[in-house]
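The primary structure of each chain is shown beneath.
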Amino acid sequence: MSTPQILFSDIVASEDQFQLATYKKMPIVAERGEGVWIYSSDGEKYLDLYGGHAVAGTGHCHPHVIAAIREQSERLLFYSNLVYSEARAKAAAKLISIAPPSLTKAFFCNSGTEANENAMRMARMKTSRENIITFSGGFHGRTADSISATFLGKYREIGRPNVPGHLQAEFGDNESVRALADETVAAIMLEPIQSMAGVRLAPPQFYKELRELCDERDIVLIYDEVQTGVGRTGEWFFAGSEAGAYVVPDIITLAKALGSGIPVGACLVNESIAVRIKENDLGTTFGGGMIAMAAVSATLEVIENDDMLKNVKTVEAYLRKQLKEVSQVISVRGKGFLLGLEFSEKAKVVHEQLLERKIITGTSSDVNVLRLLPALCLEQLAVDLFVEQLKEVLV
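Now for a description of the structure that goes with this document. Values in this document were obtained by computation on a predicted structure and should not be read as measured data.

What follows covers the packing of aromatic side chains. Counting across every chain of the model gives nine aromatic pairs. Ring plane angle 70 degrees and centroid distance 5.0 Å describe the contact between phenylalanine 139 and tyrosine 155, whose orientation is recorded as edge-to-face. Of this pair, phenylalanine 139 sits in the loop between strand E5 (131–135) and helix H6 (144–148) while tyrosine 155 sits in helix H7 (residues 155–158), and the two are 16 residues apart along the sequence. For the residue pair phenylalanine 139 and tyrosine 155, the accessibility class agrees, reading buried in each case. On the numbers, 6.5 Å between centres and 75 degrees between planes, the contact of tyrosine 207 with tyrosine 223 is edge-to-face.

Okay, structure coming up:
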């Protein structure tokens, strides 16, 4: 006996009645997904170039990830960090195996903002200092310390009263950093590619000089790779990549695509940080839970087994080449599958018209920049569809 289908209007009315209106939602009831496609409750098929905000890294419902979650769910849904876990041991070992060699320990939590909160806490523990330098245009989350470290649009104002000890430098400007980096500074934290600010990437020398400054003044360097990590740039991490002058920070924070849709965050730290952490310095009830750990291991396995890092580089190059034929695209910012398309006009109109043509994209705080954050399995045929529809929208 089939389950009766609930009407689109009824679902919308129910959410509007019982849920806080915290987001402006697209007129889609997402019912199921496969790869880079989302299927709505009314039978429509959408090309998803947004990935639920960079979360669906391996694509929607990859069979290997689903199988791993199902298998773990039949064994043990959850137990806390007070016991050892095969699933947690496997996930930690796998994550450290793909990390830059100097990062030797993982701490699991539930989200990107929680990872950033713990990264700042660890930096303060290591240095016995309080201040954190972050950057104009950076976004680090919505919890108290993370939103206080966010100097983008209205977000910091929403978080008032802000946690003290946060200083703002200008992204890409090392002189502004040096002017702030005194003996009170515990850490410098940045998104190596600023996503929500319009996909801003600094020259390699900027990252190199940040690393040198941190070494010179015993400051912890933190990369917020919540969006850039787990293969999105065509490398496992921005840390250690050519685009960032091969710089490796002291801490990397991760979330978004790390669990292919299962909520999970992580901090990867070097030994100088790890040796300062004692029992009960950090804690989390749900972080490192078995379902999340199964999802992490399966996600990393899929990216390897399906050769997704190579695919990101190949398809990025193809997309950039195709976009050269679209005169209204002034520039293509970013790296890999974190791309910003800059227009002379507002990108919101392009976003809305593409959505009418069943293509999901993202906007940004830069009103002229449209963001693409697709799954790492995006193929050239889907790129052709996107570019064809983009050309028609821009006529």
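A few words on a nonpolar patch on the surface. A surface patch of nonpolar side chains, about 410 Å² in accessible area, is lined by Leu76, Tyr79, Leu82 and Val83. Within the secondary structure, tyrosine 79 is located in the loop between helix H3 (63–75) and helix H4 (86–98). Assessed through its relative accessible area of 44%, tyrosine 79 is described here as partly exposed.

Turning next to the sheet that holds strand E14 (residues 338–343). Strand order across the open sheet formed by three strands is E13-E14-E16, with antiparallel pairing between neighbours. With partners counted over all chains shown, the strands left at the sheet margins are strand E13 (329–335) and strand E16 (369–372), one partner each. Put simply, the sheet's adjacent strands are angled 20 degrees from each other on average, direction ignored. Pairing of E14 with E16 involves four bridges; the strand directions are antiparallel. Opposite leucine 341, over in E16, you have leucine 370 as the bridge partner. Its contacts with the sheet put helix H13 (residues 347–356) on E14 and E16, and the angle it makes with E16 is roughly 45 degrees.

Analysis parameters
- Every chain's residues receive numbers from 1 upward, in the order its sequence appears when written.
- At least 70 in pLDDT is required for a residue's local features to be given in this predicted model, at least 80 for side-chain atom pairs to be given and counted, and no such filter applies to totals for whole chains, interfaces and linings, which use all residues.
- No hydrogens and no water enter the side-chain calculation; it runs on all heavy atoms of the structure.
- Any two of the Phe, Tyr and Trp rings considered here, Trp counted by its six-membered ring, make a pair once their centres fall within 6.5 Å; the pair's planes then place it as stacked at under 30 degrees, edge-to-face at over 60, or tilted in between.
- Runs of E in the DSSP output that reach at least two residues are strands. Runs of H or I that reach at least four are helices, and both are numbered from the N terminus.
- Think of it in three bands: residues with accessible area under 20% of the maximum for their type are buried, residues over 50% are exposed, and the middle band is partly exposed, with areas taken using a 1.4 Å probe on protein chains only.
- Each patch is built from salt-bridge-free residues with over 30% relative accessible area, joining like charges within 9 Å and nonpolar side chains (Val, Leu, Ile, Met, Phe, Trp, Tyr) within 5 Å.
- Accessibility throughout is a Shrake-Rupley quantity obtained with a 1.4 Å probe, and a residue counts as covered only by protein chains that appear here.
- Any carboxyl oxygen of Asp or Glu within 4 Å of a side-chain nitrogen of Lys or Arg constitutes a salt bridge here.
- Being paired, for any two strands, means DSSP has found at least two bridges between them.
- Each axis is a line fitted through C-alpha atoms, taken for helices only over the stretch in contact, and angles between the N-to-C directions span 0 to 180 degrees.
- Two residues qualify as a contact provided that any one of their heavy atoms is within 4.5 Å of a heavy atom in the partner residue.

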